[in-house]
Amino acid sequence: MGVSRLDVFYRRLLLTKLFIGGWGKPEDLKRIFEFRKIIGDREKCRSLVPKDYPVYINKTEEHADCKIHDGFFISPLEHLVPGILPPEAVKARFQFIVPKRWQKDRPVCIHLAGTGDHYFWRRRTLMARPMVKEAGMASLLLENPYYILVLRSSLKNVSDLFVMGGALILESTVLLRWLEREGYWPLGMTGISMGGYMASLAVTNWPKPIPLIPCLSWSTASSVFTTGVLSKAVNWRELEKQYAINSVYEEEIIKLLEYCGADSFKMGPEFAKNVDSSEHLLVLSGDDRATVGLNSKAGGEAEAGRGLFIGGGLEGGSARVDQLLSSVNSSGMSLDTLPSLLANNTLLGKKTDFAKCYRPSLHRESISFMKGVMDECTHMANFSVPVDTSLIIVVQAKEDAYIPRTGVLSLQEIWPGCEVRYLNGGHISAYLFKQNKFEHATSRPLVFSHH
């Protein structure tokens, strides 16, 4: 199946870069990976969120067809992994749209936010209000932890995505328990794109049968950032630089990664074959846009142009790399001479371990590491199987260039019994023009649920 040209074109219109801050603090990655081992096991999580966890409503608006309640609570992640959330995200906010007249029972669907879906307007207008009118169903819209009080997406670090996932799993549990206490039934979850991922993760942790409708999402986020069109927006140069300079990523954090399925990053050599070697470049400082790439003459026997110079073996890390670049630029020397200069210790005026400075295929290593950490925290095979997979309807676009399905385990393999429905077109066309398909797929399982 091909990919949508609209998806590719739309991505090129957006100039924003992803993960401009890099991987995130190594200590934060370690803490969230350790917590993943707990939250990935539903049985271990039964008592993480008390059934009477406090939830507050602080504002109510009356409309002709519904009431809109604004509410909040403290994210349980702040109690369980203190300090991992940014201060502004400690208080979780939500909007609850309730019909004035129920058609049958009191069904409620929790909607999680997709990428860039700030505040509540988009979900309220495109999903919640139509569901009130057409199905007599309430909707609860949970604000994304990193979108609170900001106008643009703010996933600065790779680790932010994992913190977000942990927070949303726990916050969804709080809301599901609260809705149960208030007598609402049946309950369900949905989301589009990233919201679909997060809803899926949340349902793996819920100890009861519950309808789930993830739209335009799949089994892992690793393919999104390594082979999908969004991979072109990732700030690989900063990620490569940090990966090379700080050995903690490859010496300590890799050891914490547990997922090792058929599509795991630990199949490294096979995965690396598909990585474009023409992108093996590294920005040597955050402010300097110059890049260093060694051709066959400079690299000698080192894989005909696939090598890179980085600061991993230089004292002072990034600063020494910047000094290296500065020395080359000021002297007028050719980059071709760098290997011999470093080997002879003539460039920086002190002893340098050439073997540590020279790293072939750094881009491949960084992509492989990205796949590993993404699979660790987002791959559905790394979490419990939902209690009743027959209540899951996955809505996917046939030509989705944002959510590649090639080379990764399918949701049908991980969740036997779930249903997958395919829409024609790609990610963007489905999002823009087929919201009614998502609304229909979401409302029917809840209205007609017999669980």
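Right above here is the structure, for reference.
Residues numbered from 1 in each chain as written. Predicted model: local features only at pLDDT ≥ 70, side-chain atom pairs only at ≥ 80, totals over all residues. Heavy atoms only, no water.

A. Fine view of the overall build of the chain. Within the chain, the secondary structure is distributed over 18 helices and 13 strands. Out of the 451 residues belonging to the chain, those deemed buried represent 58%. At a minimum sequence separation of 6, the contacts of the chain that also span at least 24 residues come to 78%. Split by element, the accessible area of the chain, about 19,300 Å² in all, is 53% carbon and sulfur. (Helix = DSSP H or I, 4+ residues; strand = E, 2+ residues; numbered from the N terminus. Buried < 20%, exposed > 50% of the residue type's maximum accessible area, 1.4 Å probe, protein only. Contact = heavy atoms within 4.5 Å. Areas by Shrake-Rupley, 256 points an atom, 1.4 Å probe, with all protein chains shown as cover.)

B. Structural detail: the packing of helix 5 (residues 158–181) against helix 6 (residues 194–204). Between helix 5 and helix 6, the least distance of the axes is 9 Å, while the angle of their chain directions is 55°. In terms of their interaxial angle, helix 5 and helix 6 are classed as oblique. Two packed elements cross with a definite hand, and for helix 5 against helix 6 that hand is right-handed. In contact with L161, M164, G165, L168, I169 and S172 of helix 5, helix 6 contributes M194, M198, L201 and A202. (Axes fitted to C-alpha atoms, helices over the stretch in contact; angles between N-to-C directions. Parallel < 35°, antiparallel > 145°, perpendicular 65-115°, else oblique. Left-handed = near helix turned anticlockwise from the far one by under 90°.)

C. Here's a closer look at the packing of aromatic side chains. Taken as a whole, this structure holds 13 aromatic pairs when the rule is applied. On the basis of an interplanar angle of 40° and a centroid distance of 6.2 Å, the ring pair of F73 and F94 is categorised as tilted. Of this pair, F73 sits in strand 2 (residues 66–74) while F94 sits in strand 3 (residues 91–99); the two residues are 21 residues apart in sequence, bridging distant segments of the chain. Summarising the burial analysis for this pair, F73 and F94 share the class buried. Judged by centre distance (6.0 Å) and plane angle (50°), the ring pair of W102 and Y184 falls under tilted. Separated by 82 residues along the polypeptide, W102 in the loop between strand 3 and strand 4 (108–112) and Y184 in the loop between helix 5 and strand 6 (187–192) bring together distant segments of the chain. Members of the aromatic cluster, joined through ring pairs, are Y53, F73, F94, F96, W102, W178 and Y184. If you follow R36 out to its NZ or CZ, it ends over the ring of F383, 5.8 Å from the centre. Looking at R106, its charged tip hangs above the ring of Y184, at a distance of 4.1 Å from the centre. (Phe/Tyr/Trp six-rings, centres within 6.5 Å; stacked < 30°, edge-to-face > 60°. Lys NZ or Arg CZ within 6 Å of the ring centre and 35° of its normal.)

D. The nonpolar core, seen in detail. If you look at the biggest cluster of nonpolar residues, it comprises 95 residues, and the most contacted ones within it are W23, F33, F96, F162 and M189. Ranked by residues supplied to this core, first place goes to helix 5 with 14 residues. In this structure, F162 is in contact with L29, I32, F33, V373, M374, C377 and T378, ignoring residues within four places of it in sequence. If you look at the next biggest cluster of nonpolar residues, it comprises 9 residues, including I192, I213, C215 and A430. (Core = buried A, V, L, I, M, F, W, Y, C linked by side-chain atoms within 4.5 Å.)

E. Fine view of the pairing of strand 6. Burial of strand 6 is extensive: 6 of the 6 residues sit out of reach of the surface. Taken together, the 5 bridges between strand 4 and strand 6 define a ladder with parallel strand orientation. If you follow C109 over to strand 6, its bridge partner there is G188. Considered for its hand, the β-α-β crossover made up of strand 6, helix 6 and strand 7 (residues 212–215) is right-handed. (Pairing = 2+ DSSP bridges. Right-handed = clockwise from strand over helix to strand, strands pointing away.)

F. Highlighting empty space enclosed by the protein. Inspection of the entire model under this criterion finds 5 cavities of 30 Å³ or more. Volume-wise, the second largest cavity comes out at about 90 Å³. As for the second largest cavity, its lining consists of I32, F35, R36, I39, F162, G165, G166, I169, L201, C377 and F383. Elements supplying a minimum of two residues to the lining of the second largest cavity: helix 2 (26–39) and helix 5. (1 Å grid on protein atoms, 1.4 Å probe; cavity = no way out; pocket = protein on both sides within 12 Å on 5 of 7 lines; lining within 4 Å. Points joined across faces, edges and corners; volume = space filled by probe spheres on them.)

G. Structural context of the pattern of salt bridges. Tallied over the full model, the rule gives 12 salt bridges. E252 is the partner of K30 in a salt bridge, and the nearest nitrogen-oxygen pair spans 2.4 Å. Of the two residues, K30 sits in helix 2 while E252 sits in helix 9 (residues 248–253), which places them 222 residues apart along the sequence. Across the salt bridge formed by R129 and D65, the nearest N and O atoms sit 3.1 Å from each other. Residue R129 is found in helix 4 (residues 121–135), and its partner D65 is found in the loop between strand 1 (56–62) and strand 2; the two are separated by 64 residues along the sequence. Owing to a relative accessible area of 26%, R129 belongs among the partly exposed residues under this scheme. (Salt bridge = Lys/Arg side-chain N within 4 Å of Asp/Glu carboxyl O.)

H. Looking closely at the packing of helix 8 (residues 236–245) against helix 15 (residues 362–378). Two numbers describe how helix 8 lies on helix 15: the axes approach to 9 Å, and their chain directions differ by 95°. Taken together, the axis directions place helix 8 and helix 15 in an arrangement best described as roughly perpendicular. Within the contact between the two elements, helix 8 uses W236, L239, E240, Y243 and A244 and helix 15 uses L362, H363, E365, S366, I367, F369 and M370. By residue class, the composition of the contact of helix 8 with helix 15 is 8 nonpolar, 2 polar and 2 charged. (Nonpolar A, V, L, I, M, F, W, Y, C, P; charged D, E, K, R; others polar.)

Keep in mind these values describe shape, not function.
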